[in-house]
Structure formats: structure tokens, C-alpha cells
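Residues per chain are reported as follows:
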Amino acid sequence: MADMLVKLYNIEDGCPELEESLKKEGIHIVKALSPDKHRVLEFVQTFSEGWKSECEAAFANNPHTIYIAVKDQKVIGFAAYEATARGYFGPTGVSSEFRKKGIGRLLMLKCFHSMKELGYGYAIIGWAAR
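Being a predicted model, the structure only gives us computed values, none of them experimental. (Residues numbered from 1 in each chain as written. Predicted model: local features only at pLDDT ≥ 70, side-chain atom pairs only at ≥ 80, totals over all residues. Heavy atoms only, no water.)

Student: Any chance you could explain the overall build of the protein chain here in plain terms?
Tutor: For the protein chain, the helix and strand inventory stands at 4 helices and 6 strands. Counting from the amino terminus, the protein chain carries its helices and strands in the arrangement β-α-β-α-α-β-β-β-α-β. Its C-alpha atoms give the protein chain a radius of gyration of 14 Å, within 12% of the compact-globule value 14 Å for 130 residues. Seen along its three principal axes, the alpha-carbon backbone of the protein chain occupies a region of about 35 × 35 × 30 Å. (Helix = DSSP H or I, 4+ residues; strand = E, 2+ residues; numbered from the N terminus. Rg over C-alpha atoms; globule rule 2.2 N^0.38 Å.)

Okay, structure coming up:
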């Protein structure tokens, strides 16, 4: 597997229709805050112990570099950036019962827009599956 580069200067503006549709289902995409840390890391650990460590690094950044998807105050998805290294996107994951709704796409786009605001022209997705 090889790294993938994403051109942030060409990134779409976002998906307001998708975001609105998810809100109608009670799903919100938000930047994670310090009080969220324990429940986010608990959720991430269900995917990978290594990803949990990366997300701990995302929480150590100021501001935090992690977005979460929440439904009924429960974490159902996450995406981090600048957790592995500067300019890197990931890790990311969505609970299996909530996949195929566009949550992962929206989480990723939120991260990409934050990276673009930091001045990056590209995001690196390490070891991207093809």
C-alpha cells in the first residue's frame, strides 16, 4: 500500500445537504472537546489500540485535531488529523450500524477543511487502501 495525497486547494466546500440530512436523524458532526476525551478514546479502542494512541495525540494538540459524530450523546464515528504526523489525515472510523450514511465522508471533509485552514496544500493519507 502507498500513501495517498489529497489536494486541499481543490477540496469541495462541504456537504450541507448531507449534514442537514444527518441532523434530521439526530447525528451531529462536531469538533471534539476535552470533556469528550474519555468516551472518544473508549470508542476508538474498539477499532484499534494503536488508533487510540493516535487519537490521544490528537487531543494533545491545541486546538484538538479530531472530529466526532454523535447521536443521542453517544460517539458513533471519529476522524483525526495531525495525530500521526503533521499533514497526515487519520485514523478514522464509523460504527458498523451507522455506515453507508455519509458520516465518514463528512468527518473526513471537516478534517480536510481544518487542514486547509492551517495552510496545507495537501493532506497525506498514510497506507491508504485502494
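Student: So what exactly am I meant to see when it comes to the environment of I103 here?
Tutor: In this structure, I103 sits in helix α4 (residues 103–117). Discounting residues that sit within four places of it in the chain, I103 has contacts with L22, I27, I29, A69, I76, V94 and F98. (Contact = heavy atoms within 4.5 Å.)

Student: What am I meant to see in the packing of helix α2 (residues 37–45) against helix α3 (residues 49–60) here?
Tutor: Two packed helices can be described by the angle between their axes and the distance between those axes. It is the contact of α2 with α3, at a shortest axis distance of 8 Å, that shows an interaxial angle of 155°. Considered as vectors, α2 and α3 are oriented roughly antiparallel to each other. For the element pair α2 and α3, the recorded crossing hand is right-handed. Listed contacts from α3 to K37, V40, L41, V44 and Q45 of α2 are E49, W51, K52, C55, E56 and F59. (Axes fitted to C-alpha atoms, helices over the stretch in contact; angles between N-to-C directions. Parallel < 35°, antiparallel > 145°, perpendicular 65-115°, else oblique. Left-handed = near helix turned anticlockwise from the far one by under 90°.)

Student: Before we go on, may I ask you to explain the layout of surface pockets in this structure?
Tutor: Empty space left among the atoms is revealed by rolling a probe the size of a water molecule over them. Put simply, the largest pocket is a space of about 280 Å³. In terms of lining, the largest pocket is formed by W51, E54, T84, Y88, F89, G90, P91, T92, I125, G126 and W127. Sorting the residues of the lining of the largest pocket by element identifies α3, β5 (88–94) and β6 (122–128) as the ones contributing at least two each. When residues of the lining of the largest pocket are assigned to their parent elements, the largest contribution, 5 residues, is made by β5. The class makeup of the residues in the lining of the largest pocket is 6 nonpolar, 4 polar and 1 charged. Quantified by volume, the second largest pocket comes out at close to 230 Å³. Along the wall of the second largest pocket there are 14 residues; nearest its centre are T92, G93, V94, G104 and R105. Looking at the lining of the second largest pocket, the elements with two or more residues in it are β5 and α4. In terms of residue class, the lining of the second largest pocket is made up of 6 nonpolar, 4 polar and 4 charged. (1 Å grid on protein atoms, 1.4 Å probe; cavity = no way out; pocket = protein on both sides within 12 Å on 5 of 7 lines; lining within 4 Å. Points joined across faces, edges and corners; volume = space filled by probe spheres on them. Nonpolar A, V, L, I, M, F, W, Y, C, P; charged D, E, K, R; others polar.)

Student: Whenever I open this one, a nonpolar patch on the surface confuses me. Can you help?
Tutor: Together, L5, Y9 and Y122 give the surface a local cluster of nonpolar side chains, amounting to about 330 Å² of exposed area. Considering the arrangement of structural elements, one finds Y9 in the loop between β1 (2–7) and α1 (16–24). Taking the relative accessible area as the measure of exposure, Y9 reaches 45% and is therefore partly exposed. (Patch = residues over 30% accessible without salt bridge, like charges linked within 9 Å, V, L, I, M, F, W, Y side chains within 5 Å. Areas by Shrake-Rupley, 256 points an atom, 1.4 Å probe, with all protein chains shown as cover. Salt bridge = Lys/Arg side-chain N within 4 Å of Asp/Glu carboxyl O. Buried < 20%, exposed > 50% of the residue type's maximum accessible area, 1.4 Å probe, protein only.)

Student: How do you make sense of the side chain of T65 when you look at a structure like this?
Tutor: On the secondary structure map, T65 appears in the loop between α3 and β3 (66–71). Beyond its immediate sequence surroundings of up to four residues, T65 is in contact with K31, A58, A79, A80, Y81 and E82.

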